[in-house]
Amino acid sequence: MGRIAHRLACLLLGGLAWAAQAVEGPRPFVVGSLKEIQAQYAGKPLIVTFWSVGCTHCPAELKTLGALKRRHPDLNIVLVAADTPEDGPETRRLATQYGLTKAPQWVFADPIPERLRMDIDRRWYGELPRTHFYDAGHRLEAVSGVVPEARLRQWVAANLR
Amino acid sequence: MVRLHFRLPGLALACGLLLGALPAIAHEHPAATPMARNWQERLAAAKGSAVSVAADEQGRLWSVDMRQGNLWLSRSTDGGKTFADIGKVNAQPEAILADGQNRPQIAVHGQVVVVSWSQALPKLYSGHVRMARSEDGGISFAPPVIVNENREEIGHGFNAMKMDRQGNLALAWLDGRERSAAARKGVKYSGSSVYYATSSDFGKTWTANVKLADNSCECCRIGLAIGPDGGAVAQWRHLFAGGVRDFATAPLKPGAPVLRASEDGWEISACPHHGGDLAIDAGGRRHYVWFTGSAGKPGLFYRYAEGAQFSAPRAFGDLDAQAGHPTVFADGKQVAVVWREFDGQRYRLRRMQSSDRGETWSAPSTVAEAEGATDLPLFVQGAAQPLVAWGTAAGVRIIDLR
């Protein structure tokens, strides 16, 4: 009985948390946000994908990531949309379409994207999608453009145990 | 003063006006329609971040900027210190793309003012190339016309327009009709295509639409210049075999060969949103500037060309300062190149100069700095001198490089 009540409470709380997240939209991404994300996943492999609502090449990669996430629930994926906070509802809706509802979501919140790019990677000039692969030691491998599915699978196989 | 209000989503959304991956979004996801509507409504409600500036034969400066779906024509008689509104180019508001790579274009001579722009249509990533013309110094404009003869609700945009003092006008744009036709046949088509139309009477009459090239990149601005013979040449990011997005160039002549204009080898499944620029000097030498993100040798490059002979690319700009968006000007033996950098706090415009048609160059120097968001710099269309127009949070600035 107690166990069932506990489960119900968990479900309810989980549902509330999910609902709150869905309503709140992505978190504002500013200078320092990437460090915050990395700290949160310290010692764990992580994929950070930079994308945007109007980027026509992004859906291909996001869908593949969504499928990978379904197959590997432990895979850490963080989405950062290079849009503006007012695009938040749109980015969240699209992420849901791609099966990435559970991935933490951020959206650029600086009128100067160069400032954010310099904080993220000085040599990123804004191409989207842009994918940051961090292994468990958080060594970075950055890729501009859609990452081929085979390469994503390889990375997952090599980094997720 | 024309004040700019920067809205960054436009930068990303402008890429939308393309034919590229859109069928994937438009057809597979039923929710794409509200998204497209949202896109269009926001465009119509917004102010564009791009201001385009042209000089007339007297040296007066004319600008167009987008406010709530209308393009506004303004004029400066003090070298660009102040601009005064003249009136609307399009009487009826419409969704107009006016930022970054996809921006309105203006050319002025005498009483003739020609303006072209990309109109966003309700279907996601679709649009028309529009044009309106005035013969009374911009007091009144004839109703806008659609330039693209193909009227499918697909991508037609990223229009570039240039005019010389003899009345030669060139208008080139990215067009989705080839991709659309291939899709109907179930054939895969890479990227977009480049189309153009020209006029030799200041835009009164135009040629039919002509295809310049298949398989262009989908959302980089086109570089366009008119040479001393009145003929125009375009430069665009092309989709070469293996997904390599380097530059190509061709004269706007039916059947003209397309030449490769850079051998960077940038293989990328993405849209870099980073076009190049082109100028032609009085001797017909073509001067090219561009950006590549190729792993081997990323950055900004300059080279010149005569016929099919290209000089070796010359690197410039600080790669660690987001160097990008180069623009080039040529007059006699003088060639000027300007680009944008960001030092972590503020944007700066950098320049380098050649006085021997691009053989040797000055060291780079800073010509202007700005706080807050800025537009990409562009040389003023039609100006006899190297005047750079740069949209900043404080308004459009005209910088005379002399």
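On a predicted model such as this, the values are computed, not experimentally measured, just so you know.

(A) Representation of the overall build of chain B within the structure. Along chain B, the regular secondary structure elements total four helices and 29 strands. Within the span of chain B, comprising 402 residues, buried residues form 56% of the whole. Within chain B, contacts between residues separated by at least 24 positions form 54% of all contacts whose residues are at least 6 apart in sequence.

(B) Expanded view of helix α5 (residues 113-120) of chain A. Residues of α5 of chain A that are buried: E114, R115, L116, R117 and I120 of chain A. Summarising the contacts, the buried residues of α5 of chain A are in contact with β1 (27-29), α2 (33-40) and β4 (105-108) of chain A together with β24 (334-342) of chain B.

(C) The pairing of strand β7 (residues 112-120) of chain B, seen in detail. Residues and elements named next belong to chain B. Of all the nine residues making up β7, nine are buried; the element is thus mostly covered by neighbouring parts of the structure. Of the two faces of β7, both are covered, the one formed by V112, V114, S116, S118 and A120 as well as the one formed by V113, V115, W117 and Q119. Here strand β5 (residues 96-97) runs beside β7; their pairing, made up of two bridges, is antiparallel. Bridge pairing in β7 links L97 to S118. Between strand β6 (residues 105-109) and β7, which pair antiparallel in sequence order, lie two residues; one of them, G110, sits at a positive phi of approximately 60°. Note that β7 and strand β8 (residues 127-134) share eight bridges and pair antiparallel. Bridging across to β8, W117 finds its partner in R130. From the end of β7 to the start of β8, which pair antiparallel, there are six residues, and Y125 there has a positive phi angle of about 65°.

(D) View of the sheet that holds strand β25 (residues 347-354) of chain B. Residue and element names in this part refer to chain B. Spatially, the four strands line up as an open sheet ordered β23-β24-β25-β26, and their pairing is antiparallel. Whereas interior strands pair on both sides, the edge strands pair on one side only; in this sheet they are β23 (324-331) and β26 (365-370). Across the sheet, the mean angle from the axis of one strand to that of its neighbour is 20°, orientation sign disregarded. With six bridges joining them, β23 and β24 adopt antiparallel strand pairing. Residue pairing across strands places A330 opposite V335, the latter belonging to β24.

(E) Just the sheet that holds strand β13 (residues 210-216) of chain B, in detail. All names here are of chain B. Ordered in space as β10-β11-β12-β13, the four strands form an open sheet in which the pairing is antiparallel. Each end of this open sheet is capped by a strand with a single partner; those strands are β10 (156-163) and β13. Each strand axis lies, on average, 20° off the axis of its neighbour in the sheet, ignoring direction. Both β10 and strand β11 (residues 169-175) contribute to a ladder of six bridges, which runs antiparallel. Looking across to β11, one finds that G157 is bridged to L174.

(F) Fine view of the environment of E149 of chain B. Residue and element names in this part refer to chain B. Positionally, E149 belongs in the loop between β9 (145-146) and β10. On the neighbour-count criterion, E149 (12 C-beta atoms within 10 Å) is exposed. Residues E149 and A248, spaced 99 residues apart in sequence, show a C-alpha to C-alpha distance of 24 Å.

(G) Structural view of α2 of chain A. Residues and elements named next belong to chain A. Where α2 is concerned, the buried positions are S33, L34 and I37. Seen along its axis, α2 keeps its buried residues to an arc of 100°; they face one direction. Exposed side of α2, more than 90 degrees from the buried face: K35, E36 and A39 are the residues found there. Tucked into the core, α2 has its buried residues touching β1, β2 (46-51), β3 (77-81), β4 and α5.

(H) Spotlight on the confidence of the model for chain A. For chain A, the mean per-residue pLDDT works out to 87, and 85% of the residues sit at or above 70. Every residue in residues 10-23 of chain A is under pLDDT 50, and counting partners more than four places away or in other chains gives one contact.

(I) Up close: the nonpolar core. Formed by 142 residues in total, the largest nonpolar core has its most connected members in L79 of chain A together with V115, A170, A172, A234 and A389 of chain B. Apart from residues no more than four positions distant in its own chain, L79 of chain A is found in contact with T49, W51, A95, L100, A103, Q105 and W106 of chain A.

(J) Representation of the environment of A279 of chain B. Residue and element names in this part refer to chain B. Of note, A279 is situated in strand β18 (residues 277-280). When the 27 C-beta atoms within 10 Å are taken as the criterion, A279 is described as buried. Placed 55 residues apart in sequence, A279 and L224 show a C-alpha to C-alpha distance of 7.5 Å. Other than its neighbours up to four places away in sequence, A279 contacts A225, H287, V328, F329 and A330.

(K) Just the confidence of the model for chain B, in detail. Mean pLDDT for chain B: 90, with 89% of residues reaching 70 or above. Note that residues 1-32 of chain B has pLDDT below 50 and, in this model, 108 contacts with residues that lie over four places away or in other chains.

What counts, and at which threshold
- Residues numbered from 1 in each chain as written.
- Chains lettered and ligands numbered in written order.
- Predicted model: local features only at pLDDT ≥ 70, side-chain atom pairs only at ≥ 80, totals over all residues.
- Helix = DSSP H or I, 4+ residues; strand = E, 2+ residues; numbered from the N terminus.
- Buried ≥ 20, exposed ≤ 12 C-beta atoms within 10 Å, placed from the backbone.
- Contact = placed C-beta atoms within 7 Å.
- Pairing = 2+ DSSP bridges.
- Axes fitted to C-alpha atoms, helices over the stretch in contact; angles between N-to-C directions.
- Arc of directions from axis to C-beta.
- pLDDT = per-residue confidence, 0-100.
- Core = buried A, V, L, I, M, F, W, Y, C linked by C-beta atoms within 7 Å.

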